[in-house]
Amino acid sequence: MSTPLDRLTAALADRYTLEREVGAGGMATVYLAHDVKHDRKVALKVLRPELAAVIGAERFLAEIKTTANLQHPHILALFDSGQVDGTVFYVMPYVEGESLRDRLARETQLGIADAVRIAREVASALDYAHRHGVIHRDIKPENILLHDGQALVADFGIALAASKSEGSTRMTETGMSLGTPHYMSPEQAMGERDLDARTDIYALGCMLYEMLAGETPFTGPSAQAIIAKVMSSDPEPVTTLRRTAPPHVAAAVHMAIQKLPADRFESAARFSEALGSAAAGATLPQFGAVTPPLRRNRPALLFAGLAVLASLTTVWALSRPGSADGGRVSRFALAVPPGQELANPGGTRLAISPDGEGFVYPGPGEGRSQLWFRRFDALEAVPIQGGEGLTSPAFSPDGSEIAGLTYAPFAVRIVPAAGGTPRLIIDDPKKVSGGGLAWSEDGFLYIDGGTGLARIRPDGSDWEMVMPLDSVTGETGVGWPTALPGGGAILFRVRRGGEAPTEFRIVAYDVRNRVRKEIVRGVLARYSTTGHLLWVTADGVLHAQRFDPERLEFEGSPVGIVEGLSLTAFSATDLALSPDGDLIYSMGAGQASLSAP
């Protein structure tokens, strides 16, 4: 006696040759088949008989035809569909590769850059379908195929067809449901039928959470237990399980999986935009445990639409591994009164005090600039007596003094952090130039020596050219040095004559072994005690990557943190870090933000 599959195989023999079963899911069994007419491999899916019986074959096939018109590079196309004696089938391209579920089963967690890329590709497919009136309703790793690493969304519209088909309200009687509990939005779990794009956004948020954290936001021993958590519990912040997740990515994930549809992104395109841009992500609302109280009881004075440092300084917090706040992100803004704005005398312009209580910057004053100090818990900055004419400030390791650079002529001076009489360290044009300075724990100031990286003691003694420029390769300048912890190495920028800023390189000088090592292309770099190297590229993007300061080597993959940083004519940008991991940087036409990983 022939089976339904035997009858299907016989009926389709002139169109498709079924070769073998390659998988089975909640809705269909998948076969590898040969498309006779086009001489190609295809995936032929046979709808489960009990599902076909409940839904109604004719209605199901009529509904899925709408998905055949979806043409998008990240949507797996629908080639064909039909039925044979009530057995429903549909045909899609056969993808050589694996599903996202297969990859997660093998790796558990994906690299951050890869996870975000896959999510943005899926978001692109969803946005296209949503704009054409189609909701997927069953986004999950099993339905994401990886072809040459690129994401393809499969079964687009199949769940929608099932939900619209006759008899769909009786599906629970057979033990079947549309959607998967781990990725099911609260409104879908409640059985609402008039779902919109935001239910797919929720599922995609859950899927990205899983790619980053290694588990879905809600887990449980049964579907009922999972749905109960979906309806009543808040998920752990993704940074609790993946502390290296960038703040803007974590914020985007948690906005996507909010319980109320109105609290999620209004479109998949907006979700993708927030994932790709820290600047966009920084504007997102913060939910629940994602944003804890600010450390040190800093006042949260939030402002919007202000464009220059004269008006705005924004603060984040990127906490170190094991910190009390669990790697969560804090952000706040401080109003800067008129007359205290950031001056532009050249060089690097920002430094955070070693105790993390405030920052120093060149503001208005006699001559080209005057150093000002601003506590984070104060409403105004104060000028530092003796800091006239200084820029490129650098605190001593104990925070008691500030070294700075003067322009025209170039000189290095040191002034007490509390204000007082400055002392001249060096003003020899043959031994100091305008590329900034760093105060290292080894007791030296590292400076642009004109013809390479030089160092000098804070009392003006022991000037030494420690790393001359390589004239053979055409090197013409160093700039913007920063000291790594322990005084073992110095990071700085190197450029060659005629070289575009996109070709500038960040170089590390190993003080103990007296060797140099090229690290990455960029215009300025800073090391965070969170264990990351942060660097800015010529396009104004701030990047971060795990970095071993002893071996001077990267670990893991880089991520973009902020876009649109302001670069000066000297190819510098305002970027400073505190021992606590607080980060201050400038945006656009002088707008500044302060942050911490």
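In this numbering scheme, every chain counts its residues from 1 along its sequence in written order. Note on the predicted model: pLDDT of at least 70 is required for a residue's local features to be given, and 80 or more for side-chain atom pairs to be given and counted; whole-chain, interface and lining totals, by contrast, use all residues. Only hydrogens and water are set aside when side-chain values are computed; all heavy atoms of the structure are taken into account.

A. Quick peek at the overall build of the chain. Secondary structure elements follow DSSP: runs of H or I no shorter than four residues count as helices, runs of E no shorter than two count as strands, and numbering proceeds from the N terminus. A count of helical and extended segments in the chain gives 13 helices and 33 strands. We call a residue buried when its accessible area falls under 20% of the maximum for its residue type, exposed when it is over 50%, and partly exposed in between, using a 1.4 Å probe and counting protein chains only. The proportion of buried residues among the 597 residues of the chain is 56%. Whether two residues touch is decided by their heavy atoms; if any such pair falls within 4.5 Å, the residues are in contact. Pairs at least 24 apart in sequence give 52% of the contacts found in the chain among residues at least 6 apart. Each accessible area is a Shrake-Rupley result for a 1.4 Å probe, and residues are judged covered by the shown protein chains and nothing else. Accessible area for the chain stands at about 23,900 Å²; split by element, carbon and sulfur atoms hold 51% of it.

B. Structural context of the pattern of salt bridges. In what follows, salt bridge is the name for a side-chain nitrogen of Lys or Arg lying within 4 Å of a carboxyl oxygen of Asp or Glu. Summed over the entire model, instances satisfying the criterion amount to 33 salt bridges. What emerges from the salt-bridge pattern is a single network uniting Glu-98, Arg-103, Arg-106, Glu-107, Asp-114, Arg-117 and Glu-121.

C. Broad picture of the pairing of strand 25 (residues 505-510). Of all the 6 residues making up strand 25, 6 are buried; the element is thus mostly covered by neighbouring parts of the structure. Here strand 25 shows a buried face lined by Arg-505, Val-507 and Tyr-509 and a second buried face lined by Ile-506, Ala-508 and Asp-510. Direction of pairing for strand 24 (residues 489-496) relative to strand 25: antiparallel, over a ladder of 6 bridges. Pairing of Leu-491 across the sheet is with Ala-508, part of strand 25. In short, DSSP must find at least two bridges between two strands for them to pair. Between the end of strand 25 and the start of strand 26 (residues 515-521), which pair antiparallel, lie 4 residues, with Arg-514 showing a positive phi angle near 55°.

D. Molecular detail of unusual backbone geometry. Positive phi, close to 75°, is recorded for Arg-137, a residue that is not glycine. Take Arg-137: it is sitting in the loop between helix 5 (112-131) and strand 7 (144-147). Taking relative accessible area as the criterion, Arg-137 reaches 11% and is therefore assigned buried. Of note in this structure, Arg-514 is not a glycine but carries a positive phi near 55°. Following the sequence through the fold, Arg-514 ends up in the loop between strand 25 and strand 26. What makes Arg-514 partly exposed here is its relative accessible area of 42%.

E. Just the sheet that holds strand 23 (residues 475-483), in detail. Taken together, the 4 strands give an open sheet; going across it, the order is 23-24-25-26, and neighbouring strands pair in antiparallel fashion. The open sheet has two free edges, formed respectively by strand 23 and strand 26, since each of these has just one partner strand. Going from strand to strand, the sheet's axes swing by 30° on average, the running direction of each strand aside. For helices, the fitted axis covers only the stretch in contact; all axes are lines through C-alpha atoms, and the angles between them, taken along N-to-C directions, range from 0 to 180 degrees.

F. Inspection of the packing of aromatic side chains at higher detail. When the centres of two rings from Phe, Tyr and Trp lie within 6.5 Å, Trp using its six-membered ring, the rings pair. Their planes under 30 degrees apart give stacked, over 60 give edge-to-face, and anything left gives tilted. Evaluated as defined, the whole model comprises 7 aromatic pairs. Joined through ring pairs, the aromatic side chains of Tyr-527, Trp-535, Phe-547 and Phe-554 make up one cluster. By definition here, charges over rings are those cases where NZ of Lys or CZ of Arg is within 6 Å of the ring centre and within 35 degrees of the ring normal. Above the face of the Phe-79 ring, Arg-40 is positioned so that its terminal group lies 3.9 Å from the ring centre. Between Arg-455 and the ring centre of Phe-444, over which it is positioned, the NZ or CZ distance is 3.9 Å.

G. Geometry of the sheet that holds strand 13 (residues 370-375). In spatial order, the strands read 11-12-13-14; together these 4 strands make up an open sheet with antiparallel pairing. Pairing within the sheet leaves two strands with one partner each, and these edge strands are strand 11 (351-352) and strand 14 (382-388). With 2 bridges connecting them, strand 11 and strand 12 (residues 358-363) associate as antiparallel partners. Bridge pairing in strand 12 places Ile-352 opposite Phe-359.

H. Quick peek at the pairing of strand 28 (residues 532-536). Most of strand 28 is tucked away, with 5 of its 5 residues classed as buried. On strand 28, burial covers both faces: His-532, Leu-534 and Val-536 on one face and Leu-533 and Trp-535 on the other are all buried. Across 5 bridges, strand 27 (residues 524-528) lies against strand 28 in antiparallel orientation. Across the sheet, Ala-525 pairs through a bridge with Trp-535, a residue of strand 28. Hairpin remark: strand 28 followed by strand 29 (residues 542-548), antiparallel, with 5 residues in the connecting loop; positive phi at Gly-540, about 80°.

I. Quick look at the packing of helix 5 against helix 12 (residues 268-276). One way to put it is that helix 5 packs onto helix 12 with a least axis distance of 8 Å and a crossing angle of 160°. Compared by their axis directions, helix 5 and helix 12 come out roughly antiparallel. For helix 5 against helix 12, the interelement crossing comes out left-handed. For the pair formed by helix 5 and helix 12, the contact residues are Val-116, Ala-119, Arg-120, Ala-123, Leu-126, Asp-127 and His-130 on the first element and Ala-268, Ala-269, Ser-272, Leu-275 and Gly-276 on the second. Tallied by class, the residues present in the contact of helix 5 with helix 12 amount to 7 nonpolar, 3 polar and 2 charged. Here roughly perpendicular refers to angles of 65 to 115 degrees, roughly parallel to angles under 35, roughly antiparallel to angles over 145, and oblique to all remaining angles. A crossing counts as left-handed when the near helix is turned anticlockwise from the far one by less than a right angle, and as right-handed when that turn is clockwise. Polarity classes work like this: nonpolar for Ala, Val, Leu, Ile, Met, Phe, Trp, Tyr, Cys and Pro, charged for Asp, Glu, Lys and Arg, and polar for all others, with Gly in that last group.

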